[in-house]
Amino acid sequence: AQSVTQLDSHVSVSEGTPVLLRCNYSSSYSPSLFWYVQHPNKGLQLLLKYTSAATLVKGINGFEAEFKKSETSFHLTKPSAHMSDAAEYFCVVSDPISGYSTLTFGKGTMLLVSP
Amino acid sequence: DTGVSQDPRHKITKRGQNVTFRCDPISEHNRLYWYRQTLGQGPEFLTYFQNEAQLEKSRLLSDRFSAERPKGSFSTLEIQRTEQGDSAMYLCASSHGQGNASPLHFGNGTRLTVT
């Protein structure tokens, strides 16, 4: 079975400082990994995805994530936070057993950005 | 707007009543998914369709829940004899093609409140 653990329920940063949102996954097979963002009253938006190509994945809005198989991690980073980054972020895994057809979401990390 | 559309945005109903939600996917997408998100949790998979065929159902989908996609385009999710525990955000998503290369595009969801 696949699972995702987001290590922090809330992360607070100041505008202009780096962002780190941590995610560990468990999957019996080579997984695909995603980060989605959810702004209040908005739908989930894909930030980036890892599908067994380059281990460092660049996404939208300056976010990137690195797949580390040895650590079973897929942490999300951004060099400099912006106020508009305040939202909830979900780490997501899918694997070939499900035909990549179903996604397993983490519980989410709320990113708070202060001026 | 050519994104995933869900209707209604909000639904308040009394316990025991039936409710039906509608999802219109992105037109060229052949896969359609339903997820449920409760407060403080990530979305949980309910079911998905490839064209008009319902290929997978989660154990979360009790007998009171039924989903259809009769012509392989829009989908409906019906909940019969609603219970307070059904209160949640119901998310629809669609994707194109197969495998892990095609990310899911989510709608803004239907928020159900059962009183």
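Residues numbered from 1 in each chain as written. Chains lettered and ligands numbered in written order. Predicted model: local features only at pLDDT ≥ 70, side-chain atom pairs only at ≥ 80, totals over all residues. Heavy atoms only, no water.

Q: Can you break down the overall build of chain B residue by residue, with the values?
A: From N to C terminus, chain B includes zero helices and eleven strands. Relative to a compact globule of 115 residues, whose C-alpha radius of gyration would be 13 Å, chain B shows 13 Å and is just as compact. Over its C-alpha atoms, taken along the principal directions, chain B stretches across nearly 40 × 25 × 25 Å. Put simply, chain B has 115 residues, and 48% of those count as buried. Nonlocal contacts in chain B, meaning residues at least 24 apart in sequence, comprise 53% of its contacts between residues at least 6 apart. (Helix = DSSP H or I, 4+ residues; strand = E, 2+ residues; numbered from the N terminus. Rg over C-alpha atoms; globule rule 2.2 N^0.38 Å. Buried < 20%, exposed > 50% of the residue type's maximum accessible area, 1.4 Å probe, protein only. Contact = heavy atoms within 4.5 Å.)

Q: Describe the interface of chain A and chain B, and please don't skip the residues or the numbers.
A: Facing the 20 residues of chain A at the interface are 22 residues of chain B. Our count for the contact surface shared by chain A and chain B stands at zero salt bridges. Inspection of the chain A/chain B interface yields four residue pairs in polar contact (both at pLDDT 80 or more). Of all the elements in the fold, those that place two or more residues in the side of chain A that touches chain B are strand E5 (32-38) and strand E6 (44-50) of chain A. (Salt bridge = Lys/Arg side-chain N within 4 Å of Asp/Glu carboxyl O. Polar contact = N/O pair within 3.5 Å; in protein donor to acceptor, adjacent residues only side chain to side chain.)

Q: Account for the sheet that holds strand E3 (residues 19-24) of chain B, with residues named and values stated.
A: All names here are of chain B. The four strands lie next to each other as E1-E3-E8-E7, forming an open sheet whose pairing is antiparallel. The open sheet terminates on both sides in strands that have one partner only, identified here as strand E1 (5-7) and strand E7 (65-68). Strand-to-strand twist of the sheet, defined as the mean angle between neighbouring strand axes without regard to direction, takes the value 15°. (Pairing = 2+ DSSP bridges. Axes fitted to C-alpha atoms, helices over the stretch in contact; angles between N-to-C directions.)

Q: Explain the pairing of E7(B) to me, and be specific about the residues and the numbers.
A: Residues and elements named next belong to chain B. Burial of E7 is one-sided: the residues Phe65 and Ala67 facing one way are buried, the residues Ser66 and Glu68 facing the other way are not. Pairing geometry for E7 and strand E8 (residues 75-79), over four bridges, is antiparallel. Its bridge partner being in E8, alanine 67 is matched across the sheet by leucine 77. Where E7 folds back onto E8 in an antiparallel hairpin, the turn is made up of six residues, including glycine 72, whose phi is positive at roughly 75°.

Q: Could you give me a rundown of the layout of surface pockets, with the residues and numbers involved?
A: Here the largest pocket defines a volume of roughly 580 Å³. In this structure, the largest pocket is lined by 31 residues; those nearest its centre are A:Gln38, A:Glu88, B:Gln37, B:Leu39 and B:Arg111. Contributing elements (two or more residues each) for the lining of the largest pocket: strand E10 (87-94) and strand E12 (109-114) of chain A together with strand E9 (88-95) and strand E11 (110-114) of chain B. Of the residues assigned to the lining of the largest pocket, the class counts are twelve nonpolar, 14 polar and five charged. If you add up the space inside the second largest pocket, you get close to 390 Å³. The wall of the second largest pocket is formed by 19 residues, among which B:Gly3, B:Val4, B:Phe106, B:Gly107 and B:Asn108 lie closest to the centre. Residue assignment for the lining of the second largest pocket shows that the elements contributing at least two residues are E6 of chain A together with E1 and strand E10 (105-106) of chain B. When residues in the lining of the second largest pocket are grouped by element, the largest group, three residues, is from E6(A). (1 Å grid on protein atoms, 1.4 Å probe; cavity = no way out; pocket = protein on both sides within 12 Å on 5 of 7 lines; lining within 4 Å. Points joined across faces, edges and corners; volume = space filled by probe spheres on them. Nonpolar A, V, L, I, M, F, W, Y, C, P; charged D, E, K, R; others polar.)

Q: Explain the state of the cysteines to me, using residue names and the numbers behind them.
A: Residue and element names in this part refer to chain A. Using the criterion set out here, one finds two disulfides over all chains in the structure. The disulfide bridge from cysteine 23 ends at cysteine 91, spanning 1.9 Å between sulfur atoms. Here cysteine 23 and cysteine 91 share a disulfide; its torsion about the S-S bond, -70°, makes the bridge left-handed. Here cysteine 23 is found in strand E4 (residues 23-26), whereas its partner cysteine 91 is found in strand E10, with 68 residues between them in sequence. (Disulfide = S-S within 2.5 Å.)

Q: Explain the pattern of salt bridges to me, and be specific about the residues and the numbers.
A: The full count for this structure, using the stated rule, is six salt bridges over all chains. In this structure, A:Lys78 and A:Asp85 form a salt bridge, with 2.8 Å as the shortest nitrogen-oxygen distance. Comparing A:Lys78 with A:Asp85 shows no difference in burial state: the two are buried. In this structure, B:Asp86 engages B:Arg64 in a salt bridge whose closest nitrogen and oxygen atoms are separated by 2.8 Å. Taken together, the positions of B:Asp86 in the loop between E8 and E9 and B:Arg64 in the loop between strand E6 (53-57) and E7 put the pair 22 residues apart, joining distant regions of the chain. For the residue pair B:Asp86 and B:Arg64, the accessibility class agrees, reading buried in each case.

Worth remembering: the numbers are spatial, not functional.
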